[in-house]
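The chain contents come next:
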Amino acid sequence: MRLRNEVIFFISLIISFGVSNYSSYPRCHVLENNSYSGYRGVNLGNFLEAPSEGEWSNGIIIQKKHFYRIASAGFNLVRIPIRWNAHAMATSPYTINDSFFDRVDWVINQGFTQNLSIIINIHHYNELMDHPESHKDRLLVLWQQISQHYQNYSNNLIFEILNEPYGNLTNTLWNQYLQEAIDIIRIANPNRTLIVGPTDWNNVWALNELILPQNDSNIVVTFHFYSPFEFTHQGAEWVSGSNAWLGKNWNGSQSEKDAINYEFDIAINWAKANNKRLFLGEFGVYQYAFTNSRIRWTTYVRTKAESHPEMWGWTYWEFCAGFGIMDSSLTYWNKGLLGSLLPDSPLIIITNTDTPSTTTSSLPATDTTTGSENSTVSYSMSTSQSNISSVFTYLEILPILLLISPITVFYTKRRIRK
Ligand code: BGC
């Protein structure tokens, strides 16, 4: 009998421990003193945008748990870059492989299962940038197929017409192509939100050249933000000369902030003048910058984006590769970066991100940088959170606790009877 009481007490303790931690996490996306209610999301980069999935991620492909992790952190949007052009016939009728459609369907549905909105785009269509005129028809037929295929999907699926037009895809050509692509998409998707951005890699400086259909109010305009480029892309293998930028910091000085404000305000003023909503579809700092600088920059840019009512949403570049907020095996969060994006995330509590302090952060996990810098950022993780390794969060552990409890009761009862 005594043993039984002890076991029941122990089980109740475990359950109430889990439940109290579960319910104490804030569930709301909007910060106190912050009226931002737009989308907060992340790019699932380096997967379906690679020539074949897994090629850029050591064989890892998108799994259920990617969406589970993203949703449990508190994001509500995922942008999925897709290299459709690598999975379609090179010549007319440019048919997209059925098996690739199946794969993308599965990925989108996993996101929906976690109540996430999903953006799909056409990404890395480099041949189009080099030879726009000979690839125009293929671009349009790709959209014809994609838009017909997903016409019955909920409006939580959003189409972005093309990632980062550049090169020979000039403003004149791009303005024609985007209009024709929108006309095709609208045949079967009259109410779906569409995203379109300017040339020059979706640069704010090219916004003035962008010509959009006048009569379509459900178009959101995207821009990408990586300034100062020598800081955000230091050590990036695909940017020649970027090793010389290693060690560059972003300290949050007034002049550094002013430079960001200046470019950002170009987008905001354009949106006001053109009565458009804006989407910051990519921003991020590559892994070789010092962690505290990455956090300061990301916090500043994200906060800046959220301070304007013209902003429809943002998606950080990216989830679990070189710019990532998690390691590729999804074991560890970089909680400093996560907190710079979602300060009210259920997975982290951060204080004092803007006030200089002498405390050095002791962030768990994915800080692969070497060397040191003077920290001006301090973190306090909730004690209960820091006691447990980053592998599991309480939200993830709760179902396990609930499962273990009845099993323990069953076996205890059997032992007592014996
Ligand atoms: C590209 C990625 C690149 C990122 C940052 C994206 O638009 O598709 O390959 O890593 O920008 O440069």
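Residues numbered from 1 in each chain as written. Predicted model: local features only at pLDDT ≥ 70, side-chain atom pairs only at ≥ 80, totals over all residues. Heavy atoms only, no water.

Novice: Describe the overall build of the protein chain, and please don't skip the residues or the numbers.
Specialist: In terms of regular secondary structure, the protein chain is built from 13 helices and eight strands. Across the 418 residues that make up the protein chain, the buried fraction comes to 54%. For the protein chain, the share of sequence-separated contacts (at least 6 apart) that also reach a separation of at least 24 residues comes to 74%. (Helix = DSSP H or I, 4+ residues; strand = E, 2+ residues; numbered from the N terminus. Buried < 20%, exposed > 50% of the residue type's maximum accessible area, 1.4 Å probe, protein only. Contact = heavy atoms within 4.5 Å.)

Novice: Run through helix α2 (residues 64-73), naming residues and quoting values.
Specialist: Among all positions in α2, only H66, F67, R69, I70, S72 and A73 are buried. Looking at the residues trailing α2, positive phi occurs at G74, about 115 degrees.

Novice: So what's going on with the sheet that holds strand β5 (residues 194-196)? Residues and values would help.
Specialist: Reading around the barrel, the eight strands line up as β1-β2-β3-β4-β5-β6-β7-β8 and close back on themselves, with parallel pairing between neighbours. Between one strand axis and the next, the sheet turns by 25 degrees as a mean value, whatever way the strands run. In the sheet, β5 pairs with strand β6 (residues 219-225) via three bridges, with the strands oriented parallel. Bridge assignment links V196 to a residue of β6, and that residue is V221. (Pairing = 2+ DSSP bridges. Axes fitted to C-alpha atoms, helices over the stretch in contact; angles between N-to-C directions.)

Novice: Which residues make up the site of the ligand, and what values do they have?
Specialist: Near the ligand the following residues occur: E49, H123, H124, N163, E164, Y226, H233, W238, E282, W317 and F323. The side chain of H123 places a nitrogen or oxygen atom 2.6 Å from an oxygen atom of the ligand. Separating an oxygen atom of the ligand from a side-chain N or O atom of W317 is a distance of 3.5 Å. About the coverage of the ligand: the protein hides 86% of its 310 Å² of free accessible area. Partitioning the shell around the ligand into residue classes produces four nonpolar, four polar and three charged. (Near = heavy atom within 4 Å. Polar contact = N/O pair within 3.5 Å; in protein donor to acceptor, adjacent residues only side chain to side chain. Areas by Shrake-Rupley, 256 points an atom, 1.4 Å probe, with all protein chains shown as cover. Nonpolar A, V, L, I, M, F, W, Y, C, P; charged D, E, K, R; others polar.)

Novice: How would you summarise the pairing of strand β1 (residues 39-43) if you had to cite specific residues and measurements?
Specialist: When you tally the buried positions in β1, you get four out of five residues, the bulk of the element. Regarding the hand of the β-α-β motif, the stretch spanning β1, α2 and strand β2 (residues 77-80) is right-handed. (Right-handed = clockwise from strand over helix to strand, strands pointing away.)

Novice: If you had to explain the side chain of T315 to someone new, which residues and values would you point to?
Specialist: Here T315 lies in strand β8 (residues 311-316). Within polar-contact distance, the side chain of T315 engages the backbone oxygen of G281 at 2.7 Å. The contact partners of T315, leaving out residues within four places of it in the chain, are G41, V42, N43, L77, R79, F279, L280, G281, E282 and F283.

Novice: Kindly report on the packing of aromatic side chains, identifying the contributing residues and their values.
Specialist: Within this structure, the stated rule accounts for 25 aromatic pairs. On the basis of an interplanar angle of 5 degrees and a centroid distance of 4.5 Å, the ring pair of Y166 and W201 is categorised as stacked. Within this pair, whereas Y166 is found in the loop between β4 (157-160) and α6 (171-188), its partner W201 is found in helix α7 (residues 199-202), the two being separated by 35 residues in sequence. Taking the centre distance of 6.1 Å and the plane angle of 50 degrees together, the rings of W205 and Y262 count as tilted. Residue W205 is found in the loop between α7 and β6, and its partner Y262 is found in helix α9 (residues 254-274); the two are separated by 57 residues along the sequence. Residue classification places W205 among the partly exposed positions, given a relative accessible area of 49%. Given the relative accessible area of 54%, Y262 is considered exposed. By way of ring pairs, the aromatic residues F75, F223, F225, F264, F283, W297, W314 and Y316 are connected into one cluster. (Phe/Tyr/Trp six-rings, centres within 6.5 Å; stacked < 30°, edge-to-face > 60°.)

Novice: If you had to explain the pattern of salt bridges to someone new, which residues and values would you point to?
Specialist: Throughout the structure, instances matching the rule amount to nine salt bridges. Of the charged contacts, one joins R40 and E306 as a salt bridge, the two residues approaching to 2.6 Å between their closest N and O atoms. With R40 in strand β1 and E306 in helix α10 (residues 291-306), this pair connects stretches of sequence that are 266 residues apart. Take E306: its relative accessible area is 5%, and that puts it in the buried class. Between R186 and D216 there is a salt bridge; the shortest N-O distance is 2.7 Å. In this pair, R186 is assigned in helix α6 and D216 in the loop between α7 and β6, connecting sequence segments 30 residues apart. Residue R186 is classed as buried on the basis of its relative accessible area, which comes to 15%. A relative accessible area of 11% means that D216 is categorised as buried. Through salt bridges with shared partners, one network takes in R40, R302, E306 and D344. (Salt bridge = Lys/Arg side-chain N within 4 Å of Asp/Glu carboxyl O.)

Nothing here speaks to function; it is all geometry.
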